[in-house]
Amino acid sequence: MQVPQLLVLFGSQTGTAQDEAERLGREARRRRLGCRVQALDSYAVADLIREPLVIFVCATTGQGDPPDNMKNFWRFIFRKSLLSTSLCQMDFAVLGLGDSSYAKFNFVAKKLHRRLLQLGASALLPPCLGDDQHELGPDAAIDPWLGDLWKKIMRLYPVPLDFPEIPLGIPLPSKFIFQFVQEVPSVGTEGLKLASSDPQRPPSELQPFLAPVITNQRVTGPQHFQDVRLIEFDITGSSISYAAGDVVSIMPSNSETHTQQFCRLLGLNPKQFFLLTPREPGVPHPPGLPQPCTVSHLVSRYLDIASVPRRSFFELLACLSPHGLEREKLLEFSSARGQEELWEYCNRPRRTILEVLCDFPHTAAAIPPDYLLDLIPRIRPRAFSIASSLLAHPGRLQILVAVVQYQTRLKEPRRGLCSSWLASLNPEQGPVQVPLWVRPGSLMFPETPDTPIIMVGPGTGVAPFRAAIQERVAHSQTGLLLAD
Ligand SMILES: Cc1cc2nc3c(=O)[nH]c(=O)nc-3n(C[C@H](O)[C@H](O)[C@H](O)COP(=O)(O)OP(=O)(O)OC[C@H]3O[C@@H](n4cnc5c(N)ncnc54)[C@H](O)[C@@H]3O)c2cc1C
Ligand SMILES: Cc1cc2nc3c(=O)[nH]c(=O)nc-3n(C[C@H](O)[C@H](O)[C@H](O)COP(=O)(O)O)c2cc1C
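Predicted, not measured: the structure shown is a model, and the values here were computed from it.

(A) A look at the nonpolar core. The biggest cluster of nonpolar side chains holds 41 residues, and the ones touching the most others in it are Phe-262, Leu-298, Leu-303, Leu-357 and Leu-372. Sorting elements by how many residues they give to this core places helix α7 (residues 311–320) first, with 6 residues. In contact with Leu-298, other than residues within four places in its own chain, are Phe-178, Phe-274, Leu-289, Cys-293, Leu-303, Leu-372 and Leu-373.

Written out as structure tokens, the structure reads:
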């Protein structure tokens, strides 16, 4: 008897839907189902007509919009030419991530559910609508829904009896195998660059442009509570072009201090090189990680140790812990009944992964490197409205950054990863480069430059208007007034 195969496809803007999709993948593997977990746009969508069992995990972003990594899928699935029997072989369920304070609550999940029914697929359950506004977060809706889903799936797709369930507490195999290497293999140091600038293709998340920082200047008075920076990048030779309203994405790094602290806790040598091999065929190499790579590069540029850990982090950490007391606490945090306590410990005070690891030192010191990429999510890029015009500043790109810093009940102030990192870059102390790429924004300015517009953009919300005004001045428009 063959093992049933489940496909989990996700669309995620900031990682929550991806984390839930990976949780589904782990729960499926514990139940001995074959399981693939993929971003919707990295899946060959035409193959859906052959899939028997698919769970879609989708966030809603913007104003009821699909996340960037499912935009191609979204266009495809709503093609008018698709027949109403296209997906009649498929059982499916949709898990939505949203926030009920938005007018279009879980719009993507609801619309996708309806569309799949129109295409002939059979729903296993009504869609699950995870809500950030719930005091226990989206898991309040997801936990009971998943219980029902597994009951249904295991009834319709029973696994052979000689494959018993793998109990919680036993770690599943890691996605990758780390092989530490004493010497740098012959690909040389070129492979260690984060990204190169290929003049043929505009920079993207997979291949950002390393833009030198030209200036980094505070534009608010020294007494003002908010530190706002005007940062200028040199984008000469990048093939980047932009207009007012466009957005630049920036991939930040962890601070040197945090990187070193993390390595110390885990007993890792930052200078050590390693190679990564996927445990299963077909698992892609982590995007943006060079091969070979140094531990320091992995920790500073890839692992989001400054983020607030999710429940899945505690679940895996508990499995890896050799220390009785620490393991017991970690298991509690990963259980359904421990969610209120976890919220108080982590989410409310915004405690970071690094700080949690400091609280569980015996466990941290025993984490096998193979599990690092299962345990800690990838650093996410941050978006900034472009605050300049190429017509006024050829070969340059400027942004206005409000440095995020606030206090919770923890003694140490909370600092935004990207804004604090950008603020720390000082080109006067030597060359510094920032990985970035540009995408169109949703803010559209009138095509005829003489159309009068009233612009309201408080704080750094003024950035796109600064760009629009520079454009209009370059076109010799007069009568412009920007009030602040
Ligand atoms: C399309 C778009 C355009 C943007 N343009 C700009 C721009 O022009 N300039 C700009 O400065 N930013 C802009 N942002 C925001 C920017 O992308 C980052 O979110 C911001 O810089 C913070 O990132 P960070 O990494 O420093 O903070 P993170 O490490 O991501 O931390 C931010 C998180 O901290 C929490 N937080 C922040 N303040 C508090 C508080 N007082 N109390 C409790 N929790 C808090 C919130 O959960 C918040 O999500 C834009 C965002 C988008 C989506
Ligand atoms: C900029 C932004 C726009 C959002 N727009 C919506 C929305 O229109 N409807 C909704 O239900 N949730 C909305 N949300 C909430 C997200 O869907 C929710 O936080 C979700 O957990 C994010 O999942 P992700 O991390 O996988 O992207 C928005 C969140 C952000 C940050």
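Next comes the rest of the account.
(B) Broad picture of the packing of helix α8 (residues 324–334) against helix α9 (residues 339–347). Running from N to C, α8 and α9 cross one another at 105°; their axes reach a closest spacing of 7 Å. In terms of axis orientation, α8 runs roughly perpendicular to α9. Every residue of α9 that contacts α8 at Lys-329, Glu-332, Phe-333 and Ser-334 is listed here: Gln-339, Glu-341, Leu-342 and Tyr-345. Residue composition of the contact of α8 with α9, grouped by class: 3 nonpolar, 2 polar and 3 charged.

(C) Representation of the sheet that holds strand β9 (residues 228–234). Reading across the sheet, the 6 strands line up as β13-β10-β17-β8-β9-β14 and stay open at both edges, with antiparallel pairing between neighbours. Where the open sheet ends on each side, the last strands, each with one partner, are β13 (382–385) and β14 (396–402). Going across the sheet, the axis of each strand differs from the next one's by a mean of 40°, ignoring polarity. Examined bridge by bridge, strand β10 (residues 247–250) and strand β17 (residues 433–439) share 4 bridges and lie antiparallel to one another. In the strand pairing of β17, Val-248 is matched with Val-438. Each of β9, β13 and β14 touches helix α14 (residues 463–474); the most contacted strand, β14, lies at about 150° to it.

(D) Fine view of the state of the cysteines. Evaluation of the coordinates by the stated rule reveals 0 disulfides. The closest cysteine sulfur to the non-disulfide-bonded Cys-263 is located on Cys-293, 11 Å from its own sulfur. Using a relative accessible area of 1% as the deciding quantity, one classes Cys-263 as buried. This cysteine, Cys-418, is not joined by any disulfide, and Cys-293 carries the nearest cysteine sulfur, 20 Å off.

(E) Just the site of ligand 2, in detail. Around ligand 2, the structure places 20 residues, and the nearest of them are Ser-12, Thr-14, Thr-16, Thr-60 and Asp-132. A distance of 2.7 Å separates an oxygen atom of ligand 2 from a polar atom in the backbone of Ala-17. Within the backbone of Leu-97, one N or O atom sits 3.2 Å away from an oxygen atom of ligand 2. Surface burial for ligand 2 is 81%, taken as the share of its 640 Å² of free accessible area covered by protein chains.

(F) Just the confidence of the model for the protein, in detail. On average, residues of the protein score 92 in pLDDT, and 96% of them reach the 70 mark or higher. Across residues 188–197 the pLDDT falls below 50, and counting only partners more than four positions away or on other chains, this stretch makes 19 contacts in the model. What the predictor reports for the complex is a pTM of 0.87 with an ipTM of 0.89.

Parameters at a glance
- Residues numbered from 1 in each chain as written.
- Chains lettered and ligands numbered in written order.
- Predicted model: local features only at pLDDT ≥ 70, side-chain atom pairs only at ≥ 80, totals over all residues.
- Heavy atoms only, no water.
- Core = buried A, V, L, I, M, F, W, Y, C linked by side-chain atoms within 4.5 Å.
- Buried < 20%, exposed > 50% of the residue type's maximum accessible area, 1.4 Å probe, protein only.
- Helix = DSSP H or I, 4+ residues; strand = E, 2+ residues; numbered from the N terminus.
- Contact = heavy atoms within 4.5 Å.
- Axes fitted to C-alpha atoms, helices over the stretch in contact; angles between N-to-C directions.
- Parallel < 35°, antiparallel > 145°, perpendicular 65-115°, else oblique.
- Nonpolar A, V, L, I, M, F, W, Y, C, P; charged D, E, K, R; others polar.
- Pairing = 2+ DSSP bridges.
- Disulfide = S-S within 2.5 Å.
- Near = heavy atom within 4 Å.
- Polar contact = N/O pair within 3.5 Å; in protein donor to acceptor, adjacent residues only side chain to side chain.
- Areas by Shrake-Rupley, 256 points an atom, 1.4 Å probe, with all protein chains shown as cover.
- pLDDT = per-residue confidence, 0-100.

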